[in-house]
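# Observations on chain architecture
These are the residues of each chain, in order.
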Amino acid sequence: MWLIVVFLCASLRTVPVWAADGDPERLPNTTVPLHYDLWLEVSGLGRNDFSYQGKVSIRLAVVSDTAVDGVVLHNVGNRIEKTELKRISDGKLIAHQLSQNSELLKLRTGRPLNRQAGDAELLLTLTFSGLLGKEKKGFYRTQYRGPKRVPVTVATTHFQPCYARYAFPCFDEPGLKATFAITIVSNRNHLVASNTAVAKVTNLPDDRKAVQFERTGPLQSYLVAFLVTTYDTIHTRSPSGVQVGVLAPPKDQKALQFSLQAASALLTRLERYTGQSLGLKKLEHVAIPRFGNAMENWGLVAYDEQFLVLAGRKVHRQQRVQAVITIGHETAHQLFGNLVGPAWWSYLWLSEGFATYFEMILGSAEYPDLVPLEESFAMRHMRPALQADAIPGAHALTVEPLPADTAQIEELFDSLTYSKAGCVLRMINCTIGETAFRAGVRRYLETHRNGVVHPKDLYASFTHGNESLPAGWPSVEEMFRSWTDKPGYPVVTVERLNISYVRLRQQRYQLQAEQPDHTSRWLIPITYFTNSSRGKYEYRPALWMRETDRELVVRLEMKRTDVLIVNPRQVGFYRVEYVQQRDWQKMVPKLRSLPPVTQAKLIDDAFVLARIGHTGYEVCLSLLDQLSTISSALPWLTAMAEENVGFLQRTLRSFRFDRVVLGLAGEMFQFFSNTTSTTTGSTAIEAQALDRAYDWWKRLGGTTRSGRRRYGPRFDTGCPPTNMPPLTVEELTIGLASQDEAEELRLFGRLKCQKQPQDTVLVAALERIAKNGQTDTSDLYRLLLKLLDLDPGRFLSPVLNILADPVAPRKPGEPITVAALQRLLNRILPEVTDRKQVSTVQKLIGQQESLLPRGFLAQANTIMTSTLSWRMSNVAKLNRLLRLRHGDGGRFAQFTAP
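Quick caveat: nothing in here was measured; it's all calculated off a predicted structure.

## So, the pattern of salt bridges
Applying the stated criterion across every chain yields a total of 42 salt bridges. Salt-bridge contacts for D791 lead to R699; the nearest nitrogen and oxygen are separated by 3.5 Å. One end of the pair, D791, is in the loop between α21 (777-790) and α22 (792-804); the other, R699, is in helix α16 (residues 684-699), with 92 residues separating them in the sequence. Among the salt bridges present, the one from R827 reaches D789, with a minimum N-O distance of 2.9 Å. With R827 in helix α23 (residues 815-828) and D789 in helix α21, this pair connects stretches of sequence that are 38 residues apart. Judged by relative accessible area, D789 falls into the partly exposed class, the value being 45%. It is possible to trace a salt-bridge network through shared partners that takes in E642, R650, R699, D789, D791, R827 and E831.

## Thoughts on the packing of helix α1 (residues 257-274) against helix α3 (residues 348-366)
Between α1 and α3, the least distance of the axes is 10 Å, while the angle of their chain directions is 110 degrees. As judged from the angle between their axes, α1 and α3 are roughly perpendicular. In this structure, α1 crosses over α3, and the sense of that crossing is right-handed. Counted together, Q261, A265, L266, R269, L270 and Y273 of α1 and Y357, F358, L362, G363, A365 and E366 of α3 form the full contact between these two elements. Here the residues of the contact of α1 with α3 are counted per class, giving eight nonpolar, two polar and two charged.

## Observations regarding the sheet that holds strand β31 (residues 575-578)
Spatially, the four strands line up as an open sheet ordered β29-β25-β24-β31, and their pairing is mixed. Where the open sheet ends on each side, the last strands, each with one partner, are β29 (551-555) and β31. The average undirected angle you get between the axes of adjacent strands in this sheet is 25 degrees. Pairing geometry for strand β24 (residues 490-496) and strand β25 (residues 501-508), over seven bridges, is antiparallel. Looking at the pairing, E495 lines up with R503 of β25. Here helix α11 (residues 596-611) sits on the sheet and contacts β24 and β31; the angle it forms with β31, its principal contact strand, is near 75 degrees.

## Some remarks on the sheet that holds strand β20 (residues 294-295)
Pairing in this open sheet of five strands is mixed, and the strands run β17-β18-β19-β21-β20 from one edge to the other. Pairing within the sheet leaves two strands with one partner each, and these edge strands are β17 (232-237) and β20. Together, β17, β18 (243-248) and β19 (282-288) form the strand contacts of α1, whose direction differs from that of β18 by roughly 150 degrees. With respect to the sheet, helix α2 (residues 317-333) is in contact with β19, β20 and β21 (300-304), its orientation differing from that of β21 by roughly 150 degrees.

## Details of helix α15 (residues 655-673)
In a regular helix each residue adds 1.5 Å, so 19 residues correspond to 27 Å; α15 covers 26 Å between its end C-alpha atoms and thus fits that length. α15 sits mainly inside the fold: 14 of its 19 residues count as buried. The opening residue of α15, the one whose side-chain oxygen lies 3.2 Å from the backbone nitrogen of R656, is S654.

## Focus: the environment of G337
With respect to the helices and strands, G337 occurs in the loop between α2 and β22 (340-342). On the accessibility criterion, G337 (0% relative accessible area) is buried. In this structure, the C-alpha to C-alpha distance between G337 and G451, residues 114 residues apart in sequence, is 9.9 Å. Once you skip the residues sitting within four places of it in the chain, G337 turns out to touch Q220, Y222, L223, P342 and S351.

## Here we look at the side chain of T527
Inspection of the secondary structure puts T527 in the loop between β26 (524-526) and β27 (528-530). Dropping the residues within four chain positions of it, T527 is found in contact with Y537, E538, Y539, R540, P541, I565, V566, N567, P568 and Y574.

## Quick look at the pairing of strand β10 (residues 138-145)
Extensive coverage of β10 is indicated by the burial of six of its eight residues. Bridge count for β10 against strand β11 (residues 151-158) is eight bridges, and the pairing is antiparallel. Looking at β11, one finds that Y140 is bridged to T156. Where β10 hands over to β11, the hairpin turn is made up of five residues, of which K148 adopts a positive phi near 60 degrees.

## A word on the environment of A302
Among the structural elements, A302 can be located in strand β21. Under the relative-accessibility criterion, A302 is labelled buried at 2%. Along the chain, A302 and V286 lie 16 residues apart, while their C-alpha atoms are 5.0 Å from each other. Excluding anything up to four places from it in sequence, A302 contacts V286, I288, F291, N293, A294, M295 and N297.

## Here we look at the side chain of D23
Assignment of secondary structure puts D23 in the loop between β2 (13-19) and β3 (31-41). For the buried residue D23, which engages in no salt bridge, the nearest side chain bearing the opposite charge is R26, 5.4 Å off. One polar contact links the side chain of D23 to the main-chain amide nitrogen of A404, over a distance of 2.8 Å.

## With respect to the packing of aromatic side chains
Per the stated rule, a full pass over the model turns up 36 aromatic pairs. Ring geometry for F336 and F354: centres 4.6 Å apart, planes at 15 degrees, overall stacked. Separated by 18 residues along the polypeptide, F336 in the loop between α2 and β22 and F354 in helix α3 bring together distant segments of the chain. With respect to class, F336 is no different from F354; both count as buried. Among the aromatic side chains, those forming a connected cluster through ring pairs are Y273, F336, W349, F354, Y357, F358, F377, F437, Y444, Y459, F462 and F480. One Lys or Arg, R426, reaches over the ring of F377 and ends 5.2 Å from the middle of that ring. The aromatic ring of W696 is capped on one face by R699, whose charged end is 4.5 Å from the ring centroid.

## A look at the environment of P28
Its location among the elements puts P28 in the loop between β2 and β3. Spatially, the C-alpha atoms of P28 and V71 are 8.9 Å apart, while their sequence positions differ by 43 residues.

## What to know about the UniProt feature "binding site: Zn(2+)" (unreviewed entry) in the protein
Per the UniProt record, "binding site: Zn(2+)" (unreviewed entry) is annotated on H329, H333 and E352. On the basis of their most widely separated C-alpha atoms, the annotated residues across 24 residues gather in one place, lying no more than 8.5 Å apart. By the secondary structure assignment, H329 is in helix α2. Under the relative-accessibility criterion, H329 is labelled buried at 7%. In this structure, H329 is in contact with E352, A355, T356, E359 and Y418, ignoring residues within four places of it in sequence. Positionally, H333 belongs in helix α2. Leaving out residues up to four positions away in the same chain, H333 has contacts with E296, N338, S351, E352 and A355.

## So, unusual backbone geometry
Residues Q160 and P161 are joined by a peptide bond in cis, for which omega reads 0 degrees. A cis geometry characterises the amide bond from E400 onward to P401, with omega recorded as -5 degrees. Structurally, P401 can be placed in the loop between α4 (373-389) and α5 (406-411). In the Ramachandran plot, K148 falls in the positive-phi region, its phi being about 60 degrees despite a non-glycine side chain. Residue placement: K148 occurs in the loop between β10 and β11. Assessed through its relative accessible area of 83%, K148 is described here as exposed. Positive phi is not limited to glycine here, since Q570 has a value of about 55 degrees.

## Notes on the nonpolar core
Residues V71, L227, F358, F480 and I828 are the most contacted members of the largest nonpolar core, which totals 288 residues. Discounting chain neighbours no more than four positions away, the residues touching F358 are L270, Y273, A332, F336, G363 and V441.

## Considerations on the pairing of strand β4 (residues 51-62)
The two faces of a sheet get side chains in turn, since along a regular strand they alternate between them. Where β3 lies against β4, 10 bridges are found, and the strand directions are antiparallel. If you follow L38 over to β4, its bridge partner there is V56.

## Side note on the packing of helix α6 (residues 415-432) against helix α9 (residues 476-484)
The interhelical angle for the contact between α6 and α9, taken along N-to-C directions, is 155 degrees, at an axis separation of 11 Å. Relative to α9, the element α6 is oriented roughly antiparallel. Note on packing geometry: the crossing formed by α6 with α9 is right-handed. Each of K420, V424, L425, M427, I428, T431 and I432 in α6 lies in contact with α9, whose residues at this interface are V476, M479, F480 and W483.

Scoring rules and cut-offs
- Residues numbered from 1 in each chain as written.
- Predicted model: local features only at pLDDT ≥ 70, side-chain atom pairs only at ≥ 80, totals over all residues.
- Heavy atoms only, no water.
- Salt bridge = Lys/Arg side-chain N within 4 Å of Asp/Glu carboxyl O.
- Helix = DSSP H or I, 4+ residues; strand = E, 2+ residues; numbered from the N terminus.
- Buried < 20%, exposed > 50% of the residue type's maximum accessible area, 1.4 Å probe, protein only.
- Axes fitted to C-alpha atoms, helices over the stretch in contact; angles between N-to-C directions.
- Parallel < 35°, antiparallel > 145°, perpendicular 65-115°, else oblique.
- Left-handed = near helix turned anticlockwise from the far one by under 90°.
- Contact = heavy atoms within 4.5 Å.
- Nonpolar A, V, L, I, M, F, W, Y, C, P; charged D, E, K, R; others polar.
- Pairing = 2+ DSSP bridges.
- Expected span 1.5 Å × (residues − 1).
- Polar contact = N/O pair within 3.5 Å; in protein donor to acceptor, adjacent residues only side chain to side chain.
- Lys, Arg positive; Asp, Glu negative; His and termini not counted.
- Phe/Tyr/Trp six-rings, centres within 6.5 Å; stacked < 30°, edge-to-face > 60°.
- Lys NZ or Arg CZ within 6 Å of the ring centre and 35° of its normal.
- UniProt positions renumbered as here; feature names shortened; annotations may be inferred.
- Core = buried A, V, L, I, M, F, W, Y, C linked by side-chain atoms within 4.5 Å.

What follows is the structure, given as structure tokens:
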């Protein structure tokens, strides 16, 4: 990467421009945009005319003399009807020829553009037309159900990462910021919204209107947004004067108050923490049907409806949690990503990591019952990030080089870029302290406001923080780089040598079938708890393991009888292995007295390390025995997770272990039904634990009636009566292929409750949907992924049958579809437990190998081989252990399958 700095006399400012050498799909950036005047007409929605017309005038700066490809920008799918290129200095037209190469639109000027010869600034005008598609990219259309369930069209946008070029010709790279003046022509009865406030509305003939918006500040093309539909809005004004609004279909207007209040409160928290204003007059949050997630468009944030529409008092607490966290995430993006954005997708973590970190900080500050900070970080981000970083082929946070390939860029929107980056930021915060961290964050935002950045710019913002660090500590930049520049994470092995001394070793966490990695090492902040240290080193490190330290012998504040727990608060991004049985013998009986986040850490590390042979399953089962003494939800949720107890339940296929799990589910209900309602109660995490208990009860064949016989009238799985007729192929086909989220939610609820023999009906319905093309490929993959999340043990075979069936789509060429396929395969791989399934998955990957990342099949084989090896080594031993511990006289013997 190299930097061009341009001095523009007219505007007296410097514009940083980043270009990549050697990538033919990257813009040459010899000409860069300064300002866009964008005009669009989409006035045919009422008569189902989904075409639109557009005109864009782009003021350009020539930052270096060009080749004969005088101006190069992006365009996909738009029909270019007319182009004009002229010099701003004298209005002289510049002759050119137009050509389209892949996604690059080239205006060949026949001569180099020369800054010194009057070509310093140009005006490029393009007239074009396009069509609103159904796929979520560019300027597209979706719909909601209006009065009498009549479909109502919503014309909206989704541009991240590389889809602004689908809506209008533009310079569609994140390192290029420009201002925008947008005008949209629509029907008069439509609401029209964009990034900024409305400046002027002009009525036009034929019942049309032109809505002109105020000029934006500098922003990247992927943050531009507009909306045309029949929505209602509610607004409030934040203490700083920003008009905060929520936009949604009229039927939902009464269900927006919570999200509106949260949006204003979280914005205020962000402004106060960072000391920065957004530079916006208004910040609107808009509910988009079937959007799936959320997108931080500058001033007009888009969400799936579930995050904004929360109807009435009976809203599940988990919906409120998800609303708070998602709104907090997108609000944080207005500073981290929008105001200060990464110069290229290689550094996406600079945007997503900070948004993830602040969704927790803001949410816990404003709604501590909904988002308790430590527990939420551990459950929502630390566990998923450690799981993702353990997969062979995991990427570093900083990904260099990264070509201008949309499919590869889409792959980076994953748990590592979001959750690992957020965890690394929290680790830095706890290491250097809140005061130094906040000062560095403020300096970062102030220095680079309205600019684009590299990771080194973030690190430089913490230079002053180095002065407050103890002598001998690494610099903040060294801390960051050790965790952002390479993939994976370490396992720290702890061995007590005598009363006060321990030996620490570090090695990369790897699956058993992987080639050993003896070279990767990290700067590891060692925090610990002992009875003698009295919490002194639970958050801030007592010492460091250096990247040169394969092992280290150190003295700790500890007595012979003390419990020793390393990384007790889950601050460090690593797992801990205790090699001596006596360490576990001290910890396990004390589990009840430890903080919930420490309890969860011990349970999770034990299960994960047992899976690769580093810890014995005797420890895991002992920890499960201790759960009955624990009333905190987090350790229960961790133990009963799909990756821990769930993995054992699916791979052992043991009636005896099913009985154990059923007993645990019953105890979970007894604990959390006494303190928690799904709508009102103690904490959202306890509500989630109650849901998890019900899910396990239903999965193992329980019913509401059998639960009430055992636990009383409050037991309610939420399943319909057993005499309700089973779902039919026709009902499933219509419902799953519909665009109605409520109907889809209802069907998945019934699928969770119905008995397994009905799964053949589900397969038949999905085969019919695929064969008839009733949904696009990416949506089919989304449905299959949702089934696996519902119950992986039950639905893996049906999902593989659908994917293996020749009627299913075989060539998903679009980047969105490729990303959906990869997400689905990554979800499938850990669930494969026999050689027939291995063969099916290998065949599937082989058929799509050209679309998947290089080496994907080899990485998949490593994951599946590790699981098969685990089964061969552990199933018989575990069944013997279960007979000894939970046989006829075992603790859970009284629980039988309902």
